[in-house]
Amino acid sequence: MGKGFVLILSAPSGTGKTTTCNLLREKIPDLKISVSHTTREVRQGEETGVDYVFISQKEFEDKIANNDFLEWARVHNFYYGTSFQSIRASQKNGHDTLLELDVQGVETLRKMKYQGIYILILPPSIEEMRARLKKRGTDSEEFIQQRIETGKKEIKKYKLYDYVITNHEVENTVDIILSILRAEKVKVSHYSPPSLDIKELLKDGVD
Ligand code: 5GP
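Definitions and cut-offs
Residues numbered from 1 in each chain as written. Predicted model: local features only at pLDDT ≥ 70, side-chain atom pairs only at ≥ 80, totals over all residues. Heavy atoms only, no water. Phe/Tyr/Trp six-rings, centres within 6.5 Å; stacked < 30°, edge-to-face > 60°. Helix = DSSP H or I, 4+ residues; strand = E, 2+ residues; numbered from the N terminus. Buried < 20%, exposed > 50% of the residue type's maximum accessible area, 1.4 Å probe, protein only. Lys NZ or Arg CZ within 6 Å of the ring centre and 35° of its normal. Near = heavy atom within 4 Å. Polar contact = N/O pair within 3.5 Å; in protein donor to acceptor, adjacent residues only side chain to side chain. Areas by Shrake-Rupley, 256 points an atom, 1.4 Å probe, with all protein chains shown as cover. Pairing = 2+ DSSP bridges. Contact = heavy atoms within 4.5 Å. Salt bridge = Lys/Arg side-chain N within 4 Å of Asp/Glu carboxyl O.

Visitor: Mind showing me how you'd approach the packing of aromatic side chains here?
Guide: Here a ring pair, both rings aromatic, is described through the centre-centre distance and the interplanar angle of the planes. A complete count under the given rule lists 5 aromatic pairs for this structure. Arranged with centres 4.7 Å apart and planes meeting at 5°, the rings of F60 and Y79 form a pair that is stacked. Of this pair, F60 sits in helix α2 (residues 57-65) while Y79 sits in strand β6 (residues 78-83), placing them 19 residues apart in sequence. Like Y79, F60 is buried. On the numbers, 5.6 Å between centres and 70° between planes, the contact of W72 with Y79 is edge-to-face. On the basis of relative accessible area, Y79 is assigned to the buried category, the value being 8%. One aromatic cluster in this structure is built from F60, F69, W72 and Y79. Against the face of Y79 rests R74, its NZ or CZ located 4.5 Å from the ring centre.

This is the structure in C-alpha coordinates:
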(Lines give C-alpha, C1' and ligand atoms only; values in the text may rest on other atoms or scores of the structure.)
Protein backbone atom coordinates (compact mmCIF):
# COMPACT_ATOMS: atom_id res chain seq x y z
CA MET A 1 0.00 0.00 0.00
CA GLY A 2 1.26 3.51 -0.85
CA LYS A 3 2.03 6.10 1.78
CA GLY A 4 -0.85 8.40 0.90
CA PHE A 5 -0.55 12.02 -0.09
CA VAL A 6 0.35 14.89 2.20
CA LEU A 7 -1.65 18.07 1.70
CA ILE A 8 0.17 21.04 3.18
CA LEU A 9 -2.24 23.88 3.71
CA SER A 10 -1.53 27.46 4.78
CA ALA A 11 -3.99 30.24 5.26
CA PRO A 12 -3.40 33.54 7.02
CA SER A 13 -5.73 34.19 9.99
CA GLY A 14 -9.15 35.38 8.88
CA THR A 15 -9.07 33.44 5.63
CA GLY A 16 -11.62 30.82 6.61
CA LYS A 17 -9.08 28.08 7.32
CA THR A 18 -11.05 26.35 10.06
CA THR A 19 -14.28 26.18 8.03
CA THR A 20 -12.32 24.97 5.01
CA CYS A 21 -10.60 22.22 7.00
CA ASN A 22 -13.87 21.12 8.61
CA LEU A 23 -15.61 20.83 5.25
CA LEU A 24 -12.61 19.04 3.76
CA ARG A 25 -12.79 16.53 6.59
CA GLU A 26 -16.48 15.98 5.86
CA LYS A 27 -15.86 15.44 2.14
CA ILE A 28 -12.89 13.11 2.65
CA PRO A 29 -13.75 11.05 5.73
CA ASP A 30 -10.48 9.09 5.33
CA LEU A 31 -8.37 12.23 5.45
CA LYS A 32 -6.16 12.21 8.54
CA ILE A 33 -5.34 15.51 10.14
CA SER A 34 -1.94 15.79 11.74
CA VAL A 35 -2.49 17.26 15.21
CA SER A 36 0.19 19.85 15.98
CA HIS A 37 1.64 20.78 19.35
CA THR A 38 1.33 24.37 20.55
CA THR A 39 2.01 26.55 23.58
CA ARG A 40 -0.85 28.95 22.88
CA GLU A 41 -3.87 29.01 25.17
CA VAL A 42 -6.86 26.77 24.47
CA ARG A 43 -9.72 28.63 22.74
CA GLN A 44 -13.32 27.99 23.60
CA GLY A 45 -14.53 24.73 22.07
CA GLU A 46 -11.02 23.38 21.48
CA GLU A 47 -9.83 20.08 22.89
CA THR A 48 -6.32 18.88 23.56
CA GLY A 49 -5.34 16.02 21.28
CA VAL A 50 -8.06 17.01 18.79
CA ASP A 51 -7.34 20.60 17.72
CA TYR A 52 -3.83 20.72 19.10
CA VAL A 53 -1.80 19.06 21.79
CA PHE A 54 -1.56 21.99 24.22
CA ILE A 55 1.71 21.95 26.16
CA SER A 56 3.87 24.37 28.18
CA GLN A 57 6.80 26.30 26.76
CA LYS A 58 9.23 24.13 28.76
CA GLU A 59 7.67 20.94 27.39
CA PHE A 60 7.85 22.32 23.87
CA GLU A 61 11.52 23.31 24.23
CA ASP A 62 12.34 19.85 25.61
CA LYS A 63 10.70 18.34 22.53
CA ILE A 64 12.78 20.58 20.25
CA ALA A 65 15.93 19.45 22.07
CA ASN A 66 14.78 15.85 21.66
CA ASN A 67 14.35 16.27 17.90
CA ASP A 68 10.70 15.30 18.17
CA PHE A 69 9.55 17.74 15.47
CA LEU A 70 9.54 17.44 11.70
CA GLU A 71 9.21 21.25 11.77
CA TRP A 72 8.32 23.92 14.30
CA ALA A 73 7.91 27.69 14.30
CA ARG A 74 7.08 30.63 16.52
CA VAL A 75 3.86 32.30 15.46
CA HIS A 76 2.55 35.35 17.37
CA ASN A 77 4.90 34.52 20.27
CA PHE A 78 3.71 30.94 20.64
CA TYR A 79 5.35 27.74 19.52
CA TYR A 80 3.68 25.47 16.96
CA GLY A 81 5.13 22.21 15.66
CA THR A 82 4.43 19.01 13.76
CA SER A 83 5.81 16.01 15.61
CA PHE A 84 7.19 13.02 13.72
CA GLN A 85 4.81 10.93 15.78
CA SER A 86 1.67 12.79 14.64
CA ILE A 87 2.57 12.55 10.98
CA ARG A 88 3.48 8.87 11.28
CA ALA A 89 0.18 8.16 13.02
CA SER A 90 -1.86 9.94 10.38
CA GLN A 91 -0.04 8.38 7.42
CA LYS A 92 -0.72 4.88 8.67
CA ASN A 93 -2.61 2.58 6.26
CA GLY A 94 -1.91 4.77 3.23
CA HIS A 95 -4.33 7.52 4.25
CA ASP A 96 -3.97 11.02 2.87
CA THR A 97 -2.83 13.49 5.51
CA LEU A 98 -3.51 17.16 6.05
CA LEU A 99 -0.83 19.36 7.58
CA GLU A 100 -1.83 22.86 8.46
CA LEU A 101 1.25 25.05 8.72
CA ASP A 102 2.24 28.67 8.78
CA VAL A 103 4.59 29.96 6.11
CA GLN A 104 7.72 29.39 8.23
CA GLY A 105 6.83 25.70 8.52
CA VAL A 106 6.39 25.57 4.75
CA GLU A 107 9.78 27.20 4.24
CA THR A 108 11.35 24.54 6.47
CA LEU A 109 9.67 21.68 4.61
CA ARG A 110 10.57 23.12 1.21
CA LYS A 111 14.24 23.33 2.26
CA MET A 112 14.04 19.66 3.26
CA LYS A 113 12.41 18.90 -0.12
CA TYR A 114 9.55 17.33 1.80
CA GLN A 115 7.11 15.66 -0.62
CA GLY A 116 3.63 17.11 -0.51
CA ILE A 117 1.02 19.20 -2.26
CA TYR A 118 1.52 22.76 -1.05
CA ILE A 119 -1.64 24.90 -1.10
CA LEU A 120 -2.10 28.50 0.01
CA ILE A 121 -5.58 29.82 0.73
CA LEU A 122 -5.99 33.59 0.56
CA PRO A 123 -8.79 36.00 1.45
CA PRO A 124 -10.34 38.06 -1.36
CA SER A 125 -8.87 41.22 0.22
CA ILE A 126 -7.15 42.47 3.37
CA GLU A 127 -10.37 44.31 4.26
CA GLU A 128 -12.31 41.06 4.10
CA MET A 129 -9.68 39.41 6.30
CA ARG A 130 -10.02 42.20 8.88
CA ALA A 131 -13.82 41.88 8.82
CA ARG A 132 -13.64 38.11 9.40
CA LEU A 133 -11.24 38.52 12.31
CA LYS A 134 -13.50 41.14 13.91
CA LYS A 135 -16.56 38.96 13.45
CA ARG A 136 -14.81 36.06 15.17
CA GLY A 137 -14.58 38.30 18.24
CA THR A 138 -11.81 36.33 19.96
CA ASP A 139 -8.97 38.87 19.61
CA SER A 140 -8.30 42.44 20.72
CA GLU A 141 -7.95 45.22 18.12
CA GLU A 142 -4.19 45.19 18.67
CA PHE A 143 -3.92 41.44 18.15
CA ILE A 144 -6.11 41.65 15.04
CA GLN A 145 -3.70 44.22 13.62
CA GLN A 146 -0.77 41.94 14.47
CA ARG A 147 -2.45 39.00 12.71
CA ILE A 148 -3.09 41.16 9.64
CA GLU A 149 0.56 42.24 9.48
CA THR A 150 1.66 38.59 9.75
CA GLY A 151 -0.89 37.68 7.06
CA LYS A 152 0.50 40.31 4.69
CA LYS A 153 4.02 38.90 5.09
CA GLU A 154 2.69 35.39 4.44
CA ILE A 155 0.86 36.43 1.28
CA LYS A 156 4.10 37.79 -0.16
CA LYS A 157 5.61 34.29 0.10
CA TYR A 158 3.01 32.77 -2.23
CA LYS A 159 5.67 31.37 -4.57
CA LEU A 160 6.56 28.73 -1.99
CA TYR A 161 3.32 26.95 -2.85
CA ASP A 162 2.14 24.80 -5.76
CA TYR A 163 -1.40 26.20 -5.72
CA VAL A 164 -3.07 29.41 -4.56
CA ILE A 165 -6.83 29.55 -3.98
CA THR A 166 -8.82 32.69 -3.18
CA ASN A 167 -11.43 31.74 -0.65
CA HIS A 168 -14.52 33.54 -1.96
CA GLU A 169 -16.80 30.75 -0.88
CA VAL A 170 -15.81 27.72 1.19
CA GLU A 171 -17.70 25.07 -0.86
CA ASN A 172 -15.90 26.20 -3.97
CA THR A 173 -12.51 26.30 -2.22
CA VAL A 174 -12.96 22.74 -0.99
CA ASP A 175 -14.05 21.58 -4.46
CA ILE A 176 -10.84 23.01 -5.89
CA ILE A 177 -8.74 21.24 -3.24
CA LEU A 178 -10.50 17.95 -4.06
CA SER A 179 -9.79 18.47 -7.76
CA ILE A 180 -6.12 19.14 -7.02
CA LEU A 181 -5.87 15.96 -4.98
CA ARG A 182 -7.56 13.91 -7.72
CA ALA A 183 -5.28 15.32 -10.40
CA GLU A 184 -2.14 14.71 -8.33
CA LYS A 185 -3.15 11.09 -7.84
CA VAL A 186 -3.22 10.39 -11.57
CA LYS A 187 0.10 12.05 -12.36
CA VAL A 188 2.40 9.83 -14.41
CA SER A 189 4.96 9.90 -11.62
CA HIS A 190 2.43 8.35 -9.23
CA TYR A 191 1.15 5.68 -11.62
CA SER A 192 1.04 2.22 -10.19
CA PRO A 193 0.14 -0.55 -12.69
CA PRO A 194 -3.26 -2.05 -11.80
CA SER A 195 -2.48 -5.51 -13.23
CA LEU A 196 0.41 -7.82 -14.00
CA ASP A 197 0.01 -7.60 -17.78
CA ILE A 198 0.19 -3.80 -17.74
CA LYS A 199 3.13 -3.99 -15.36
CA GLU A 200 4.90 -6.30 -17.84
CA LEU A 201 4.22 -3.86 -20.69
CA LEU A 202 5.68 -0.99 -18.71
CA LYS A 203 8.87 -2.92 -18.02
CA ASP A 204 9.69 -2.84 -21.76
CA GLY A 205 9.73 0.97 -21.50
CA VAL A 206 8.62 1.58 -25.13
CA ASP A 207 8.73 5.26 -26.18
P1 5GP B 1 -4.00 29.34 15.38
O2 5GP B 1 -3.42 29.80 16.67
O3 5GP B 1 -4.87 30.39 14.75
O4 5GP B 1 -4.67 27.99 15.49
O5 5GP B 1 -2.78 29.11 14.38
C6 5GP B 1 -1.85 30.13 14.15
C7 5GP B 1 -0.95 29.75 13.01
O8 5GP B 1 -0.13 28.63 13.33
C9 5GP B 1 -1.68 29.36 11.73
O10 5GP B 1 -1.06 30.04 10.64
C11 5GP B 1 -1.46 27.87 11.63
O12 5GP B 1 -1.47 27.43 10.28
C13 5GP B 1 -0.10 27.73 12.23
N14 5GP B 1 0.20 26.37 12.67
C15 5GP B 1 -0.62 25.48 13.26
N16 5GP B 1 0.02 24.33 13.52
C17 5GP B 1 1.29 24.50 13.06
C18 5GP B 1 2.45 23.65 13.03
O19 5GP B 1 2.46 22.51 13.46
N20 5GP B 1 3.56 24.19 12.47
C21 5GP B 1 3.63 25.44 11.97
N22 5GP B 1 4.76 25.85 11.42
N23 5GP B 1 2.55 26.27 11.98
C24 5GP B 1 1.40 25.79 12.52
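Visitor: Is there a simple way to think about the site of the ligand in this case?
Guide: Around the ligand, a shell composed of 16 residues is seen, among which S36, R40, Y52, E71 and Y80 lie nearest. In this structure, Y52 approaches the ligand through a side-chain N or O atom, which is 2.5 Å from an oxygen atom. At 2.5 Å from an oxygen atom of the ligand is found a side-chain nitrogen or oxygen belonging to Y80. When the ligand is considered free in solution it has 510 Å² of accessible area, and contact with the protein chains removes 96% of it. Contributions of two or more residues to the shell around the ligand are made by β5 (69-75) and β6.

Visitor: Got a minute to help me understand the sheet that holds strand β3 (residues 37-38) in this structure?
Guide: Adjacent strands of a sheet pair through backbone hydrogen bonds, lying either parallel or antiparallel. With mixed pairing, the 4 strands of this open sheet are ordered in space as β4-β3-β6-β5. Every other strand in the sheet has two partners, leaving β4 (53-54) and β5 as the edge strands with one partner each. Across 2 bridges, the pairing between β3 and β6 is antiparallel. Paired with T38 across the strands is Y80, a residue of β6.

Visitor: Is there a simple way to think about the sheet that holds strand β8 (residues 117-122) in this case?
Guide: Ordered in space as β2-β7-β1-β8-β9, the 5 strands form an open sheet in which the pairing is parallel. With partners counted over all chains shown, the strands left at the sheet margins are β2 (32-33) and β9 (163-166), one partner each. In terms of strand pairing, strand β1 (residues 6-10) meets strand β7 (residues 97-100) through 4 bridges, oriented parallel. Paired with V6 across the strands is T97, a residue of β7.

Visitor: How should I be thinking about the side chain of D96 in this particular structure?
Guide: Within the fold, D96 resides in the loop between α3 (84-91) and β7. Judged by its relative accessible area of 11%, D96 is buried. Separated by 2.8 Å, the side chain of D96 and the backbone nitrogen of F5 make a polar contact. A distance of 2.7 Å separates polar atoms of two side chains, one belonging to D96 and the other to K185. Those residues in contact with D96 that lie beyond four places of it in its chain are G4, F5, D30, L31, K32, L181 and K185.

Visitor: Looking at this model, I keep getting lost on the pattern of salt bridges. Mind explaining?
Guide: A side chain with one charge may pair with a side chain of the opposite charge, provided their charged atoms come close. Inspection of every chain in the model, using the stated rule, returns 13 salt bridges. A salt bridge links K27 to E171; the nearest nitrogen and oxygen atoms lie 3.3 Å apart. With K27 in helix α1 (residues 17-27) and E171 in helix α7 (residues 170-185), the pair connects residues that are 144 residues apart, well separated along the chain. A salt bridge links E107 to K157, with the shortest nitrogen-to-oxygen separation between them at 2.8 Å. Taken together, the residues E107 in helix α4 (residues 103-111) and K157 in the loop between α6 (141-156) and β9 connect sequence positions 50 residues apart. For E107, a relative accessible area of 25% translates into the label partly exposed.

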